[in-house]
Amino acid sequence: MNIIHLKEVDSTNIYLLNNADKFSNEETTIAVSNHQTAGRGMGTNTWESEPDKNLLFSILIHPIWLEPQMQYIISMAHALALYDVLSAYADEISIKWPNDIYWKERKISGTRIDGNIQSGRMSDMVIGTGININQSEFHGSAPNPVSLTQITGKKYDRQAILNDIISRFEYYLSIAKSEWTIHKDCNTILTEYHKHLFWKEGIHHYEDANGQFDAKFAEVLPNGIMRLKRTDGTISEYEFKEVKFCLK
């Protein structure tokens, strides 16, 4: 494993994507930065982080064993790693589809995934994550951020948390690889992922292109599509950014 520590960078995802060829012989390369000048969330979202306070890192892997349409398996594995580690520090942690980590109804971690495809297989995948650890105030436009120190009132060793996340991610990734290459399924990852999902119980408010509606969670398919069961009994399927959770 190759770990690169950067004092400042525009984005750890951009850094690893631009230098993926240099790290092609490494099974896993991790870039960690104390500060990002252009940290990115999914889509057009940005990530606010005070320098030297939080965890900002990206993981480069080469999952050539995986078909591109199934790359969400890796997103699930990474979300489970984050869930496991952060749950050791605070109760009421959950995974908000597709891969955010929440404490109650507040966001403590976000992840962006970028990838390259060659010959119909994943050649490079970069999983970039920001976790609010020791930041005590937020001034950006994000509606509901929270940090570990805000939850508990304590300060934390960021490197120790990162080490634990890497270990758990490798654990889940090995399960995903084994199940997919042998059985062409990902049942263990899917089962664990569903156990810890945000709003997995009860009826909640959502919004799509046609307006707001009430529904209960049905399932997330292996390709990442979320299925919701509306109060009229119909099932709606959504890809990322096609539906919004109407938080309080």
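Above this text sits the structure in question.
Going along each chain's sequence as written, the residues are numbered from 1 onward. Per-residue local features are limited, in this predicted model, to residues with pLDDT of at least 70; the limit for side-chain atom pairs, both in listing and counting, is 80 or more; totals at the level of whole chains, interfaces and linings are taken over all residues. Side-chain metrics rest on all non-hydrogen atoms present in the structure, leaving aside hydrogens and water.

Caption draft 1: Quick look at the pattern of salt bridges. A carboxyl oxygen of Asp or Glu within 4 Å of a side-chain nitrogen of Lys or Arg is what we treat as a salt bridge. A full pass over the atoms with the stated rule returns 11 salt bridges. Salt-bridge contacts for E192 lead to K195; the nearest nitrogen and oxygen are separated by 2.9 Å. Of this pair, E192 and K195 both sit in helix α5 (residues 187–195), 3 residues apart, which is roughly one turn of that helix. A salt bridge links D208 to R230, with the nearest nitrogen and oxygen atoms 2.8 Å apart. Separated by 22 residues along the polypeptide, D208 in strand β8 (residues 203–208) and R230 in strand β10 (residues 226–230) bring together distant segments of the chain. Residues participating in the shared-partner salt-bridge network are E67, R121 and K184. Secondary structure follows DSSP: runs of H or I at least 4 residues long count as helices, runs of E at least 2 residues long count as strands, and numbering of each begins at the N terminus.

Caption draft 2: Just the packing of helix α2 (residues 72–87) against helix α4 (residues 158–183), in detail. Running from N to C, α2 and α4 cross one another at 145°; their axes reach a closest spacing of 8 Å. α4 is crossed by α2, and the crossing has right-handed handedness. Contacts from I73, I74, A77, H78, L80, A81, L82, D84 and V85 in α2 reach I161, D164, I165, R168, F169, Y172, L173, A176 and W180 in α4. Under the convention adopted here, Pro, Cys and the residues Ala, Val, Leu, Ile, Met, Phe, Trp and Tyr are nonpolar, Asp, Glu, Lys and Arg are charged, and Gly plus all remaining residues are polar. Across the contact of α2 with α4, the residue classes break down as 14 nonpolar, 1 polar and 3 charged. For helices, the axis comes from a line fit to the C-alpha atoms of the stretch in contact; other axes are also lines fit to C-alpha atoms, and the angle between any two N-to-C directions lies between 0 and 180 degrees. Crossing handedness follows the turn of the near helix against the far one: under a right angle anticlockwise gives a left-handed crossing, and clockwise gives a right-handed one. Contacts were defined at the residue level, with two residues in contact if any of their heavy atoms lie within 4.5 Å.

Caption draft 3: Here's a closer look at empty space enclosed by the protein. The distinction between a cavity and a pocket rests on a 1 Å grid over the protein atoms alone: a 1.4 Å probe fits inside a cavity but cannot get out, while a pocket stays open yet meets protein on both sides within 12 Å along at least five of seven lines, and a residue with an atom within 4 Å of a point counts as lining. Grid points are joined across faces, edges and corners, and a volume is the space filled by probe spheres set on the points. The full count for this structure, using the stated rule, is 2 cavities of 30 Å³ or more. If you add up the space inside the second largest cavity, you get close to 40 Å³. Every residue lining the second largest cavity is listed: M1, T28, I59, I61, I166, F169, E170 and L173. It is α4 that contributes the most residues to the lining of the second largest cavity, 4 residues altogether. Here the lining of the second largest cavity is composed, by residue class, of 6 nonpolar, 1 polar and 1 charged.

Caption draft 4: The arrangement of α4 in detail. The span expected for a helix works out to 1.5 Å for each residue beyond the first. With 26 residues, α4 ought to run about 38 Å at 1.5 Å a step, and its terminal C-alpha atoms sit 37 Å apart, in line with that. If you check which residues of α4 are buried, you get I161, L162, I165, I166, F169, Y172, L173, I175, A176, E179 and W180. Looking at where α4 begins, the residue whose side-chain oxygen comes 3.0 Å from the main-chain nitrogen of Q159 is D157. Positive phi appears at K184, one or two residues downstream of α4, with a value of about 60°. Three labels apply to residues, based on accessible area from a 1.4 Å probe with only protein chains included: buried if under 20% of the type maximum, exposed if over 50%, partly exposed otherwise in between. Think of a polar contact as two N or O atoms within 3.5 Å of one another; within protein, one of them needs to be a possible hydrogen donor and the other a possible acceptor, and neighboring residues in sequence only count if both atoms come from side chains.

Caption draft 5: Spotlight on the nonpolar core. In terms of nonpolar packing, the biggest core is built from 65 residues, with F57, I74, W97, F169, Y193 and V220 touching the most fellow members. The next biggest cluster of nonpolar side chains, apart from the first, holds 9 residues, and it includes L6, L16, F23 and L60. Take the buried Ala, Val, Leu, Ile, Met, Phe, Trp, Tyr and Cys residues and link them wherever side-chain atoms come within 4.5 Å; each set so joined is a nonpolar core.

Caption draft 6: Up close: the layout of surface pockets. Here the second largest pocket defines a volume of roughly 300 Å³. Around the second largest pocket sit 15 residues that line it, and Y72, P98, N223, G224 and F240 are the ones nearest its centre. The class makeup of the residues in the lining of the second largest pocket is 8 nonpolar, 6 polar and 1 charged.

Caption draft 7: Looking closely at the pairing of strand β4 (residues 93–96). The alternating pattern of β4 places I93 and I95 on one face and S94 and K96 on the opposite face, and all of these are buried. Strand pairing is assigned whenever DSSP identifies at least 2 bridges connecting the two strands. For β4 and strand β5 (residues 100–103), the ladder comprises 4 bridges, and the chain directions are antiparallel. Bridging from a neighbouring strand, S94 pairs with Y102 of β5. A loop of 3 residues connects β4 with β5, the two strands running antiparallel in sequence.

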